[in-house]
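Residue strings, one per chain:
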Amino acid sequence: MPLNKKIKELQEKRVKVLLGGGEQAIEKQKAMGKRTARERITSLLDENSFNEYDMFVEHDARDFDMDKKSLPSDGVIIGSGTIYGAPVAIFAQDFTVAGGSLGLMHSRKITKIMDHALKMRMPLIGINDSGGARIQEGVNSLAGYGEIFFRNTISSGVIPQISVILGPCAGGAVYSPALTDFVFVVDQISKMFITGPEVIKTVLGEEISMEDLGGARVHSEVTGNAHFFAMSEEECFDQIKKLITFIPWNNSQKARAFEPGEPKPEFDINKIVPADPTLPYDVKDVIRAIVDNSDFFEIMELYAKNLVIGFGRMGGRTTGFVANQPLEMAGVLDVDSSDKAARFIRYCDAFNIPIITLVDLPGYLPGVDQEHAGVIRHGAKVLYAYSEATVPKLTVILRKAYGGGYIAMSSRHLRADFVFAWPSAEIAVMGPEGAANIIFRKEIMSAADPDAMRKQKVEEYKAKFANPYVAASRGYVDAVIEPSETRKFLLHSIEVSENKDVPMPKKKHGLPPF
Ligand code: HXC
């Protein structure tokens with residue numbers, strides 16, 4: 001056959017495969033506000049950068065009449081391309097083909113691109129839209145999931161792994177995303193659950209919609225399984241692209257540097273934090289008053305809002321921010337915010353991203369609910385993550401730093417490299433009211449006017465401890481600085497930390513309080 005005929009044959013074969021599950025299935029997909037798998041890939045990657053592999057792979061299942069069925073590309077598209085020039089490996093499940101369900105060959109395509117990403121040390125993006133294990137393929141489907149989970153784990157901390165949930169993700173389909181670094185969801189489109197509404201109805205007799213069980217909002221606000229929430233696929237892809245600009249390609253590199261720019265003048269750092277320690281303020285404004293161009297990219301915005309995490313740039317370099325949020329529950333640490341902080345700290349540490357911690361909290365949240373929910377175990381994750389992290393760690397104490405909260409929020413004692421405090425900082429075992437009630441109880445009780453005595457003792461305690469100077473006199477704080485000096489001190493600290501090198505004792509791995 002002459003070459004041009006062979007090329008035509010190839011083109012015809014491609015056209016057939018590109019139709020996926022057929023026009024009807026594609027229409028159904030579009031009616032739900034969803035794009036097809038290939039459309040998703042091409043709109044996420046740089047124009048014309050996508051190279052598809054394994055287009056002609058087909059399943060080889062035999063049971064339940066599967067031998068009579070063709071499943072184009074076996075319901076998953078794989079390949080690689082670039083985002084703003086950064087190489088990425090990618091797979092996207094095609095719901096129009098057998099509901100994107102995962103059979104053996106489908107899983108082999110995914111593991112092939114995962115191996116490729118790890119070998120080439122580039123980020124992996126998985127677009128998930130799947131009914132879970134392909135029921136007709138039995139244990140082969142389960143084996144496929146196991147092979148994926150194993151690779152997610154081995155690649156963890158070596159290459160960035162990003163999961164995008166763009167459809168139902170049931171059963172095994174949710175555990176691979178759960179093992180990856182960042183999970184993106186879209187309102188009304190994304191669903192994640194281990195056992196679906198049908199199973200719940202059968203086993204428990206309860207009726208619940210897919211949305212209420214595991215919709216995008218549920219995972220962004222309640223479970224913490226999702227890190228980014230968007231109203232449309234388009235917005236979601238913009239978020240992914242932005243994230244890619246902040247992270248390195250792998251753990252032996254640093255994130256790409258950008259041209260630095262000053263924060264916007266509308267964020268006046270002298271005016272954000274109220275003098276009265278009981279008044280709230282938005283700590284994100286403090287971050288915006290510090291970072292380049294006031295550009296702060298928040299992560300898990302809707303979950304455990306009492307703690308803020310995200311990326312910004314300092315002098316053009318990606319920096320992770322961890323900050324107590326006085327607007328929510330006075331910025332306390334609790335079970336959920338501890339998990340949120342600890343995971344992010346470990347991410348930054350794995351990928352060579354310096355961490356800036358902004359402190360203003362009354363401590364860990366007291367109460368039976370928190371104790372029974374395991375605040376000891378979860379809270380300990382923060383101590384572990386900060387202690388273990390060897391990337392540059394910079395701390396600024398804005399206002400309250402009481403008790404365990406002081407220690408946990410990247411204190412000198414957990415080996416922060418630089419600790420700065422504003423003159424408004426109060427570093428003590430607990431707040432003045434509580435402290436005076438305990439240590440001066442006898443004097444207060446026996447006084448002619450207990451209220452007046454309490455006030456006097458609170459003032460005495462405040463004068464002694466509600467300031468940064470006791471900690472500064474011990475060297476626990478390196479410098480007491482004016483708010484307007486914060487960016488200058490942080491920029492310099494990051495610069496001198498460029499070649500930080502901290503040897504750790506030899507071990508297989510530690511045992512963080514998972
Ligand atoms: C085979 C599947 C499938 C699956 C969907 N399909 N899920 N085929 N195995 N798991 C097929 C359907 O038969 C249908 O084929 C097509 O995909 C579209 O599915 P619909 O049901 O028509 O779509 P929709 O109404 O949108 O509902 C989507 C859905 C539902 C919610 C995902 O299909 C569903 O509940 N599927 C089963 C989900 C599930 O329980 N998975 C868990 C598997 S066990 P046709 O030919 O009619 O177009 C598991 C364990 C792994 O994953 C554990 C590892 C730790």
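The paragraphs below set out a description of the structure included in this document. The model shown is predicted, which means the values in this text are computed figures rather than measured ones.

The next subject is empty space enclosed by the protein. All told, the structure shown has three cavities of 30 Å³ or more when counted by the stated rule. There is about 60 Å³ of room inside the largest cavity. Considering the residues around the largest cavity, the lining is formed by Phe91, Gln93, Leu102, Ile110, Asn128, Tyr145, Ile148, Ala173 and Ser176. Of all the secondary structure elements, the ones that give two or more residues to the lining of the largest cavity are strand 3 (86-93) and helix 5 (139-155).

Interaxial distance between helix 13 (residues 335-350) and helix 15 (residues 375-388) falls to 8 Å at its minimum, and their mutual angle equals 20°. The angle between helix 13 and helix 15 places the two elements in the roughly parallel class. Between helix 13 and helix 15 the crossing geometry is left-handed. On helix 15, the residues that touch Val335, Ser338, Asp339, Ala341, Ala342, Ile345, Arg346 and Asp349 of helix 13 are Val375, His378, Gly379, Lys381, Val382, Ala385, Tyr386 and Glu388. In terms of residue class, the contact of helix 13 with helix 15 is made up of eight nonpolar, three polar and five charged.

Our next topic: the pairing of strand 13 (residues 393-402). The element strand 13 is largely enclosed, with a buried count of ten among its ten residues. Pairing of strand 13 with strand 14 (residues 418-421), which is carried by four bridges, proceeds in the parallel orientation. Directly across from Val396, in strand 14, lies its bridge partner Phe420. You can see the chain leave strand 13, run along helix 16 (residues 403-408) and come back into strand 14, and the turn it takes is right-handed. Note: strand 13 against strand 15 (residues 426-428), three bridges, orientation parallel. Looking at strand 15, one finds that Ala401 is bridged to Ile427.

Here we take up the site of the ligand. If you check the shell around the ligand, you find 18 residues, and the closest are Gly99, Gly131, Ala133, Ile135 and Gly172. The separation between a nitrogen atom of the ligand and a polar main-chain atom of Gly131 is 2.7 Å. With respect to the ligand, the backbone of Gly172 contributes an N or O atom lying 2.9 Å from an oxygen atom. Alone, the ligand offers 1,000 Å² of accessible surface; in the complex the protein occludes 54% of this. Looking at the shell around the ligand residue by residue, the class counts come to nine nonpolar, seven polar and two charged.

Below, the discussion takes up the packing of aromatic side chains. Within this structure, the stated rule accounts for 15 aromatic pairs. Look at Phe246 and Phe311: their rings are 5.9 Å apart centre to centre, the planes differ by 20°, and that puts the pair in the stacked class. Here the residue Phe246 occupies a position in helix 10 (residues 233-246), and Phe311 occupies one in strand 10 (residues 307-314), the gap between them amounting to 65 residues. Given a relative accessible area of 0%, Phe246 falls into the buried group. Each residue in the set Phe182, Phe184, Phe228, Phe246, Phe297, Phe311, Phe344, Tyr347 and Phe351 is aromatic and connected to the rest through ring pairs, giving one cluster. Over the aromatic face of Phe440 sits the side chain of Lys457, whose NZ or CZ is 4.8 Å from the ring centroid. Stacked on the ring of Phe465, the Lys or Arg Lys464 has its end atom at 5.7 Å from the ring centre.

The next thing to look at is the environment of Val419. Among the secondary structure elements, Val419 is positioned in strand 14. Classification of Val419 as buried rests on a relative accessible area of 2%. With residues up to four places along the chain from it excluded, the contact list for Val419 reads Thr395, Ile397, Ser410, Ser411, Arg412, Tyr476, Val477, Asp478 and Ala479.

By secondary structure assignment, the location of Phe465 is in helix 19 (residues 450-465). Under the relative-accessibility criterion, Phe465 is labelled partly exposed at 30%. A C-alpha to C-alpha distance of 47 Å links Phe465 and Met231, two positions 234 residues apart in sequence. Ignoring sequence-local partners within four residues, the contact set of Phe465 consists of Ile427, Ala428 and Val470.

Moving on, we come to the environment of Leu302. Along the chain, Leu302 falls in the loop between strand 9 (297-299) and strand 10. Counting along the chain gives 26 residues from Leu302 to Asp276, while the straight-line C-alpha distance between them is 27 Å.

Right, let's talk about the layout of surface pockets for a bit. Taken as a whole, the largest pocket encloses approximately 1,200 Å³ of empty space. When residues of the lining of the largest pocket are assigned to their parent elements, the largest contribution, eight residues, is made by helix 13. Classifying every residue of the lining of the largest pocket by side-chain character gives 24 nonpolar, ten polar and six charged. Each pocket or cavity is described by its volume, and for the second largest pocket that value is around 430 Å³. Listing elements by their share of the lining of the second largest pocket, those giving two or more residues are helix 13 and helix 15. A total of three residues in the lining of the second largest pocket trace back to one element, the largest contributor, which is helix 13. When grouped by side-chain class, the residues that make up the lining of the second largest pocket number seven nonpolar, three polar and five charged.

Let's shift gears to the packing of helix 3 (residues 37-44) against helix 10. Orientation of helix 3 relative to helix 10, taken along the N-to-C sense of each, is 45°, at an axis distance of 10 Å. With respect to each other, helix 3 and helix 10 are oriented oblique. Our pair here, helix 3 against helix 10, has a crossing hand that is right-handed. For the pair formed by helix 3 and helix 10, the contact residues are Arg40, Ser43 and Leu44 on the first element and Glu233, Phe237, Ile240 and Lys241 on the second. When the residues that make up the contact of helix 3 with helix 10 are grouped by side-chain class, the tally is three nonpolar, one polar and three charged.

Rules behind the numbers
- Residues numbered from 1 in each chain as written.
- Predicted model: local features only at pLDDT ≥ 70, side-chain atom pairs only at ≥ 80, totals over all residues.
- Heavy atoms only, no water.
- 1 Å grid on protein atoms, 1.4 Å probe; cavity = no way out; pocket = protein on both sides within 12 Å on 5 of 7 lines; lining within 4 Å.
- Points joined across faces, edges and corners; volume = space filled by probe spheres on them.
- Helix = DSSP H or I, 4+ residues; strand = E, 2+ residues; numbered from the N terminus.
- Axes fitted to C-alpha atoms, helices over the stretch in contact; angles between N-to-C directions.
- Parallel < 35°, antiparallel > 145°, perpendicular 65-115°, else oblique.
- Left-handed = near helix turned anticlockwise from the far one by under 90°.
- Contact = heavy atoms within 4.5 Å.
- Nonpolar A, V, L, I, M, F, W, Y, C, P; charged D, E, K, R; others polar.
- Buried < 20%, exposed > 50% of the residue type's maximum accessible area, 1.4 Å probe, protein only.
- Pairing = 2+ DSSP bridges.
- Right-handed = clockwise from strand over helix to strand, strands pointing away.
- Near = heavy atom within 4 Å.
- Polar contact = N/O pair within 3.5 Å; in protein donor to acceptor, adjacent residues only side chain to side chain.
- Areas by Shrake-Rupley, 256 points an atom, 1.4 Å probe, with all protein chains shown as cover.
- Phe/Tyr/Trp six-rings, centres within 6.5 Å; stacked < 30°, edge-to-face > 60°.
- Lys NZ or Arg CZ within 6 Å of the ring centre and 35° of its normal.

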